[in-house]
Amino acid sequence: MRLIFMGTPDFAVPTLIEIVGRGHEVVAVYSRAPKPAGRGMDLQPTPIEREARRFGIPVLTPKTLRTDEAAAQFHAHNADAAVVVAYGLILPVPILQAVPLGCFNVHASLLPRWRGAAPINRAIMAGDAESGVCVMKMAEGLDTGDVALEERLAIGPDETAGELHDRLAALGARMMPVALSALERGTLQLTPQPNEGVTYANKIDKSEARIEWGKPWQEVHNHIRGLSPFPGAWFELAGQRIKVLRSTRGDGRGAPGTVLDDQLIIACRDGAVRLTEVQRAGKHPMKADEFLRGAKIAAGTRLH
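Every chain is numbered on its own, with residues counted from 1 as its sequence reads. In keeping with the model being predicted, local features are shown solely for residues with a pLDDT of at least 70 and side-chain atom pairs are shown and tallied solely at 80 or more, while totals for entire chains, interfaces and linings include all residues. Excluding hydrogens and water, the side-chain figures rest on all heavy atoms present in the structure.

Participant: How should the environment of S247 be read in this particular structure?
Facilitator: Segments assigned H or I by DSSP are reported as helices when at least four residues long, segments assigned E as strands when at least two residues long, and all are numbered from the N terminus. Of note, S247 is situated in strand β13 (residues 240-250). Ignoring anything within four residues of it in the chain, the contact list for S247 reads D158, H221, I224, R274, L275 and T276. N or O atoms closer than or at 3.5 Å make up a polar contact, with two conditions inside protein: a donor-capable atom paired with an acceptor-capable one, and, for residues adjacent in sequence, both atoms drawn from side chains. For S247, the side chain forms a polar contact with the side chain of H221, separated by 2.7 Å. Throughout, a contact is declared for two residues whenever any of their heavy atoms are within 4.5 Å.

Participant: Quick question: what am I supposed to make of the side chain of T8 here?
Facilitator: By secondary structure assignment, the location of T8 is in the loop between β1 (2-7) and α1 (13-21). Here the side chain of T8 touches Y87 through a polar contact of 2.7 Å, landing on its backbone oxygen. In this structure T8 touches S31, R32, T46, P47, I48, V85, A86 and Y87, once residues within four positions along its chain are discounted.

Participant: Would you take a moment to explain the packing of aromatic side chains for this structure?
Facilitator: Two measures describe an aromatic ring pair: the distance that separates the ring centres and the angle between the ring planes. Ring pairs are drawn from Phe, Tyr and Trp, using the six-membered ring of Trp, whenever the two centres fall within 6.5 Å, and their geometry is named by plane angle: stacked under 30 degrees, edge-to-face over 60, tilted for the rest. Enumeration over the complete set of coordinates arrives at two aromatic pairs. Residue placement shows R54 over the ring face of F55; its charged tip is 4.7 Å from the ring centre. In this analysis the charged atom, NZ for Lys or CZ for Arg, is taken to sit over a ring once it is within 6 Å of the ring centre and within 35 degrees of the ring normal. Positioned above the aromatic ring of W234 is the side chain of R241, whose terminal nitrogen or guanidinium carbon lies 3.8 Å from the ring centre.

Participant: How do you make sense of the pattern of salt bridges when you look at a structure like this?
Facilitator: Opposite charge on two side chains makes pairing possible when the charged atoms of those side chains draw close. One speaks of a salt bridge when a side-chain nitrogen belonging to Lys or Arg is within 4 Å of a carboxyl oxygen belonging to Asp or Glu. Counted under the stated rule, the structure contains twelve salt bridges. In this structure, the salt-bridge partner of E277 is R246, at a minimum N-O distance of 3.2 Å. Here E277, found in strand β15 (residues 272-280), pairs with R246, found in strand β13; they are 31 residues apart in sequence, far enough to count as distant. The exposure class of R246 is partly exposed, given its relative accessible area of 29%. Across the pair K287 and E277 runs a salt bridge, and its minimum N-O distance is 3.7 Å. Placement of K287 in strand β16 (residues 286-287) and of E277 in strand β15 is noted, with a sequence separation of ten residues between them. Categorising residues by exposure relies on relative accessible area from a 1.4 Å probe, with only protein chains included: less than 20% of the type maximum marks a residue as buried, more than 50% marks it as exposed, and the intermediate range marks it as partly exposed. We classify E277 as buried; its relative accessible area is 14%. Three or more residues joined by partner-sharing salt bridges are found here, namely E163, R246, E277 and K287.

Participant: Looking at this model, I keep getting lost on the nonpolar core. Mind explaining?
Facilitator: Among soluble globular proteins, nonpolar side chains are generally buried collectively. By size, the foremost hydrophobic cluster in this structure holds 42 residues, and its most contacted members are F5, V29, L168 and M176. Sorting elements by how many residues they give to this core places helix α6 (residues 161-185) first, with eleven residues. For our purposes a nonpolar core is just a set of buried Ala, Val, Leu, Ile, Met, Phe, Trp, Tyr and Cys residues, chained together by side-chain atoms within 4.5 Å. Ranked by size, the runner-up nonpolar core spans 29 residues in total, among them V244, V273, L292 and L303.

Participant: Looking at this model, I keep getting lost on a nonpolar patch on the surface. Mind explaining?
Facilitator: Among the surface-exposed residues, I90, L142 and Y200 lie close enough to one another that they form a single nonpolar patch of about 300 Å² accessible area. The residue Y200 is located in strand β11 (residues 200-201) in this model. Think of a patch as exposed residues, more than 30% relative accessible area, with no salt bridge, where like charges cluster within 9 Å and nonpolar side chains (Val, Leu, Ile, Met, Phe, Trp, Tyr) cluster within 5 Å. Accessible surface is estimated by sampling points in the Shrake-Rupley manner with a 1.4 Å probe; for residues, cover comes only from the protein chains shown.

Participant: Which parts of the structure should I look at to understand helix α7 (residues 217-226)?
Facilitator: For the α-helix, the turn length of 3.6 residues means that residues three or four positions removed from each other point alike. For α7, the buried fraction is high: eight of the ten residues fall into the buried class. Looking at α7, one finds that the buried residues are W217, V220, H221, N222, H223, I224, R225 and G226. Taken together, the buried residues of α7 touch α5 (119-125), α6, β12 (233-237), β13 and β15.

Structure (structure tokens):
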């Protein structure tokens, strides 16, 4: 089929590679505009833009799709359908209606749970035991469309958002070609989302990242892994922020925030967590034992 692909981050790359590899003609790629990054603050194209240019596919980076010109340009591609994966802009009705077979989205949750911007992080932070991918036909509204395919994955007890991200990206890449084949044959079945169980995965705010040791150990652990690797949950030591990238359950009790031993076990409200991988500002991630060789944190130290 003739397809338009719309995506921005690394999560979308496996799906683009897969549908190109299956022989679909991707006539245009839409992505967010390049942003300044790095020491020189040069404009950096998105991961999807880089991948599209590697395939020789034209790339468009409009700031909005809510104009008549944007709708006309979208329609002029004469595509059969659009594939949308973590694009980052809301698709208005004229865009949704500009392709005859519709716009189909890979969403990294088990809809209607975790509609919105940060479903992977929120699922782990909430302590969900499973996640998955839904392929849905997009409709007006935030992730409200009918579901074509759904696959589930168990979330490991110490799995980070980064690890789950990679597994779900690969799963979505396998599912979208299946949906497109059924769409092309006219056999794709769509199921409306239930009205019960709707939750929203709001974008992660940096103000959420500070670790609150006064919470139960499981909530602290979920918070750490749900924000790893980005933006990274953190605590303060001697005025310096230390990110925590990995943790597990620790043994011991004490006042919340107290270092309990020489293995970086920290007391929480009802138990403790052991910090196993951390990162100083401007430094590479390091295992806890390497960090402790330089930090020399004594038992009884209070973290903030």
